[in-house]
Amino acid sequence: IGVFEPASGDNGAGGKQEMLGMQYANKVAPTVTIGDTEYKVELVYADNGSTTDKAPSAAAELVSQNVSVVIGSYGSGVSIAGSPVFEQAGIPVIGVSCTNPQVTLGNTHYFRICFLDPFQGKVLANYAKKEMGADIAYCLGELGNDYDQGLIHYFQQEFEALGGMVVAESFPTGTSDFTSYINNATGYGAGVFFSPCSIAYATLIV
């Protein structure tokens, strides 16, 4: 079983959590019986580095290891980027937490066990508007990040449908100082700050 996860980069911490879950499952069920034959389950790892640039080569690395199926990835962007490699090789992939609809849309090889961004966005927007009483939402995501931008899109769609106003901005990869963005949110009078980005950025923002 190929493990297609970020062991490094912005999503390395999240990828590590998913890998621990897979390792635990492998410890609990180290073999599988198909028909009358028992097989030993082996996990093969490839680090997609949390970036769409590295994802295809990481996917190719798993293909070269002759894996039967792949699990991953943490991060929709890398899942989308690695998808064509798995499709061409005829290897099925099961996403654990890649919630962008584009991961599986139109694909017969990519599956998922988690909910989608349209669901997350709707629930979060309803909470912000109805429970927190926010009329203005400030949304901030990493530029070009499929997960961030996808979730912000669905949040905005629902929040505006509920009568709220959304101000959405993006920050470039590698940003370490978010003061100006937080000042912008304050200047707009935002009642909620919505930033569905990686753990690395979220820590700095908080």
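Notes on the structure in this doc start here. Just so we're clear, the structure is a prediction, and the values are computed from it rather than from any experiment.

Focus on a nonpolar patch on the surface
A contiguous nonpolar surface patch, about 280 Å² in accessible area, is contributed by Val32, Ile34 and Tyr39. Tracing the chain through its elements places Ile34 in strand 2 (residues 31-34).

So, the side chain of Ser198
Mapped onto the fold, Ser198 is located in the loop between strand 10 (192-194) and helix 7 (199-205). With relative accessibility at 7%, the residue Ser198 sits in the buried group.

Quick notes on the pattern of salt bridges
Here the structure, examined in full by the defined rule, presents 1 salt bridge. Residue Lys129 pairs with Asp135 through a salt bridge whose shortest N-O separation is 3.3 Å. What makes Lys129 buried here is its relative accessible area of 18%.

Details of the packing of aromatic side chains
All told, the structure shown has 10 aromatic pairs when counted by the stated rule. Ring centres of Tyr138 and Phe193 lie 5.2 Å apart, and the angle between their planes is 40 degrees; on these two criteria the pair is classed as tilted. Of the two residues, Tyr138 sits in strand 8 (residues 136-142) while Phe193 sits in strand 10, which places them 55 residues apart along the sequence. On the basis of relative accessibility, which here comes to 31%, the residue Phe193 falls in the partly exposed class. Seen in terms of ring centroids, Phe155 and Phe159 are 5.5 Å apart; in terms of plane orientation they differ by 10 degrees. Their pairing is stacked. Of this pair, Phe155 and Phe159 both sit in helix 5 (residues 146-161), 4 residues apart, roughly one helical turn. For Phe159, a relative accessible area of 0% translates into the label buried.

Here's the deal with the sheet that holds strand 9 (residues 165-171)
In spatial order, the strands read 9-8-10; together these 3 strands make up an open sheet with parallel pairing. Because the sheet does not close on itself, it has two edges, and the strands there are strand 9 and strand 10. Adjacent strand axes in the sheet meet at a mean angle of 20 degrees when their direction is disregarded. Sheet strands in contact with helix 5 are strand 8, strand 9 and strand 10, and its direction is about 165 degrees off that of strand 8.

Details of unusual backbone geometry
Here Gly72 and Ser73 are connected by a cis peptide whose omega angle stands at 10 degrees. At Ser50, a residue that is not glycine, the phi angle is positive and equals roughly 65 degrees. Note on placement: Ser50 falls in the loop between strand 4 (44-47) and helix 2 (55-64). We classify Ser50 as buried; its relative accessible area is 17%. The phi torsion at Asn66 lies on the positive side, around 60 degrees, for a residue other than glycine. Take Asn66: it is sitting in the loop between helix 2 and strand 5 (70-71). Exposure remark for Asn66: the relative accessible area of 66% places this residue in the exposed category.

About the thresholds
- Note on numbering: residues in each chain are counted from 1, in written sequence order.
- Reporting of local features is limited, given that this is a predicted model, to residues whose pLDDT is at least 70; pairs of side-chain atoms are given and counted only at 80 or more, and all residues count toward the totals for whole chains, interfaces and linings.
- Derived side-chain values reflect all non-hydrogen atoms in the structure, with water molecules and hydrogen atoms excluded from consideration.
- Candidates for patches are residues over 30% relative accessible area with no salt bridge; among them, like charges are joined within 9 Å and nonpolar side chains (Val, Leu, Ile, Met, Phe, Trp, Tyr) within 5 Å.
- The method behind every accessible area is Shrake-Rupley, applied with a 1.4 Å probe, and residues are considered shielded solely by the protein chains displayed.
- Counted as salt bridges are all cases of a side-chain nitrogen of Lys or Arg within 4 Å of a carboxyl oxygen of Asp or Glu.
- Numbering goes from the N terminus for both helices and strands, where a helix is a DSSP run of H or I of at least four residues and a strand is a run of E of at least two.
- Three labels apply to residues, based on accessible area from a 1.4 Å probe with only protein chains included: buried if under 20% of the type maximum, exposed if over 50%, partly exposed otherwise in between.
- Under the pairing criterion, centres of Phe, Tyr and Trp rings, with the six-membered ring standing for Trp, must be within 6.5 Å; the plane angle then separates stacked pairs below 30 degrees from edge-to-face pairs above 60, leaving the rest tilted.
- Strand pairing is assigned whenever DSSP detects at least two bridges linking the two strands.
- Orientation is described by axes fitted as lines to C-alpha atoms, over the contacting stretch for helices, and by angles from 0 to 180 degrees between their N-to-C directions.
- Contact between two residues is taken to exist if any of their heavy atoms lie within 4.5 Å; hydrogens are not considered.

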